[in-house]
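Results of the structural survey
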Amino acid sequence: MKKITTLASALALCSSAAIAKNPLFDDVFTADPAALVHNDTVYLYTGHDEAPNNDRFFEMHDWLVFSSTDMVNWKKHGPIMKATDFKWATGDAWASHMVEKDGTFYFYTTVRHNDEKSGFAIGVATSQSPTGPFKDAIGHALVTNDMTTHTPNDWDDIDPAIFIEENGDAYMFFGNLMPKYVKLKDNMVELDGEIKTIDVPNFTEALWVHKKDDNYYLSYACEFPEKICYAMSKSIEGPWEYKGILNEIAGNSETNHQSIIEFKGQSYFIYHTGAVPPKDGEPSGGRFRRSVAIDPLYYNEDGTLKRVIMTTEGVQAVK
Ligand code: FUB
């Protein structure tokens, strides 16, 4: 047996014995995960926190993508685009969502619009590859702040989440303080009809929609600091029945933002925390320096969701 002679060697032994996988990355700050399963691979899209400390506000310029075939080993592909690649945007690369339809990858994302339509807006970019490069698909925003008037703040049209029905009908869910959704046209880059609101309690932001069997699940960040709550429905258009808290406040982060996928028979809950410890004299993770984590998601027999158990071990590698 190895003799432990110093504190350093004791710590080294501890860290080699542990299977600490959450947060996933400690060399880059990642937030607002949105995962896509495509061709036996999981593509994990994230925002990129670059705030120098946790005192001020988000500093987010671009979006990153990572890929994995086993949920444990992640390949870094680098940025897929930056906020100012939308010529009408001034920055703030906030939460996004990627979907694939008929071989084209559609990246819906939150940015700050220039003064022509001040406030946050939703843009859409496309690529023929899940790792990009992505280009603005329409040359203007898909949703601008003046298109909705439910809340007075100028960041109420953020955090797009797309759901595509089996018949190809696509819907975009989005919003802050007021949850909203709108149908998309077949071309995926135009709205098809009016923007409607959703009635669920304690809504803050970060909508995500997924379906299992004949149940639709609407999960979202609730209250502040944020937990993740969820509601269920038999229809993409609701009504949604509130089911409670899915995940508690995540360590050292006021925000939370979830992505839910099924990959090779296992369901996953992907979220962010502020849990990266200080490193090399740098400030630690925190509310503006967040990091993505993954834990398993389990269903009850009646289709409701078991509350997520956040771990530092993370998930087992998929064979
Ligand atoms: O990352 C910036 C914003 O914080 C996101 O758009 C929200 O969902 C929250 O995570």
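Anyway, here's the lowdown on the structure attached to this text. Once a new chain begins, its residue numbering starts again from 1 and follows that chain's sequence as written. Totals for whole chains, interfaces and linings use all residues, but because this is a predicted model, local features are given only for residues with pLDDT of at least 70 and pairs of side-chain atoms are given and counted only at 80 or more. Note: side-chain values were computed over all heavy atoms of the structure, leaving out hydrogens and water.

**Focus: the overall build of the chain**
Stated precisely, the cut-off is as follows: A run of H or I in DSSP counts as a helix once it spans at least four residues, and a run of E counts as a strand once it spans at least two, with each numbered from the N terminus. Radius of gyration here is computed from C-alpha atoms only, and the compact-globule reference equals 2.2 Å multiplied by the residue count raised to the power 0.38. Between two residues, a contact is recorded if the distance between any of their heavy atoms is within 4.5 Å. All accessible areas in this document rest on Shrake-Rupley with a 1.4 Å probe, and a residue is counted as covered only by the protein chains that are shown.
Across its full length, the chain carries one helix and 20 strands. Here the C-alpha radius of gyration of the chain, 19 Å, is about what a compact globule of 319 residues would show, namely 20 Å. For the chain, the spread of C-alpha atoms along the principal axes amounts to about 70 × 45 × 35 Å. Of the contacts formed within the chain by residues at least 6 apart in sequence, a portion of 50% connects residues at least 24 apart. Accessible surface computed for the chain: about 14400 Å², of which carbon and sulfur atoms make up 50%.

**Observations regarding the sheet that holds strand 17 (residues 241-247)**
This is how it is decided: In short, DSSP must find at least two bridges between two strands for them to pair. Interaxial angle, 0 to 180 degrees, is taken between N-to-C directions of lines fitted to C-alpha atoms, where a helix line uses only the stretch in contact.
In space, the four strands of this open sheet follow the order 14-15-16-17, with antiparallel pairing throughout. Looking at which strands have only one partner, the edges of the open sheet turn out to be strand 14 (203-212) and strand 17. Going across the sheet, the axis of each strand differs from the next one's by a mean of 25°, ignoring polarity. The pairing of strand 16 (residues 227-233) with strand 17 spans five bridges and is classified as antiparallel. Bridge pairing in strand 17 places Ile-228 opposite Asn-247.

**Comments concerning the site of the ligand**
Put simply, the rule is: Throughout, near means a residue has at least one heavy atom within 4 Å of the molecule or strand. Polar contact criterion, stated in full: a pair of N or O atoms within 3.5 Å, where within protein one must be able to donate a hydrogen and the other to accept it, and residues adjacent in sequence count only if both atoms are side-chain atoms. Side-chain classes follow a simple rule in which Ala, Val, Leu, Ile, Met, Phe, Trp, Tyr, Cys and Pro form the nonpolar group, Asp, Glu, Lys and Arg form the charged group, and the remainder, Gly included, forms the polar group.
Inspection of the region around the ligand gives Asp-32, Phe-58, Met-60, Trp-94, Ala-95, Asp-159, Glu-205, Thr-255, His-257, His-272 and Arg-290 as its neighbouring residues. Contact between the ligand and His-257: an oxygen atom at 2.8 Å from a side-chain N or O atom of the residue. For the ligand, the accessible surface in isolation is 280 Å², of which the surrounding protein chains cover 99%. In terms of residue class, the shell around the ligand is built from four nonpolar, three polar and four charged.

**Regarding unusual backbone geometry**
Along the chain, Asn-22 connects to Pro-23 via a cis peptide bond; the corresponding omega equals -5°. Relative to the elements of secondary structure, Pro-23 occurs in the loop between helix 1 (7-17) and strand 1 (29-38). With an omega of 0°, the peptide bond between Gly-238 and Pro-239 qualifies as cis. With respect to the element layout, Pro-239 can be found in the loop between strand 16 and strand 17.

**Notes on the state of the cysteines**
Threshold: Disulfides are defined as pairs of cysteine sulfur atoms found within 2.5 Å of each other. Only protein chains enter the calculation, and the probe is 1.4 Å; a residue is then buried if its accessible area is under 20% of its type maximum, exposed if over 50%, and partly exposed in between.
Under the defined criterion, the tally for this structure stands at one disulfide. What pairs with Cys-222 in a disulfide is Cys-229, and their sulfur atoms sit 2.1 Å apart. In this structure, the disulfide formed by Cys-222 and Cys-229 twists by about 70° around the S-S bond and is classed as right-handed. Cys-222 gets classed as buried once you look at its relative accessible area, which sits at 0%. By relative accessible area, Cys-229 is classed as buried at 0%.

**Notes on the packing of aromatic side chains**
Put simply, the test is: In this scheme Phe, Tyr and Trp rings, the latter by its six-membered ring, pair at centre separations within 6.5 Å, and the angle between planes marks the pair as stacked below 30 degrees, edge-to-face above 60, and tilted otherwise. A ring has a charge above it when a Lys NZ or an Arg CZ is no more than 6 Å from the ring centre and no more than 35 degrees off the ring normal.
Under the defined criterion, the tally for this structure stands at 19 aromatic pairs. Each ring, one from Phe-58 and one from Trp-94, has its centre 5.6 Å from the other, and the planes form 75°; the classification is edge-to-face. Of this pair, Phe-58 sits in the loop between strand 2 (41-49) and strand 3 (60-68) while Trp-94 sits in the loop between strand 5 (89-91) and strand 6 (96-101); the two residues are 36 residues apart in sequence, bridging distant segments of the chain. For the pair Phe-58 and Trp-94, one class covers both residues: buried. Taken together, the ring pairs in this structure connect Phe-57, Phe-58, Trp-94, Phe-120 and Phe-288 into an aromatic cluster. The ring centre of Tyr-299 lies 5.2 Å from the NZ or CZ of Lys-212, which sits over that ring.

**Remarks on the sheet that holds strand 1**
Strand order in the open sheet made by the four strands is 1-2-3-4, with antiparallel pairing throughout. Either end of the sheet is taken by a strand with one partner, and the two such strands are strand 1 and strand 4 (75-82). Geometrically, the sheet is characterised by an average inter-axis angle of 25° between neighbouring strands, direction not taken into account. Relative to strand 2, strand 1 is paired through eight bridges, and the arrangement is antiparallel. Paired with Leu-36 across the two strands is Tyr-43, which belongs to strand 2.

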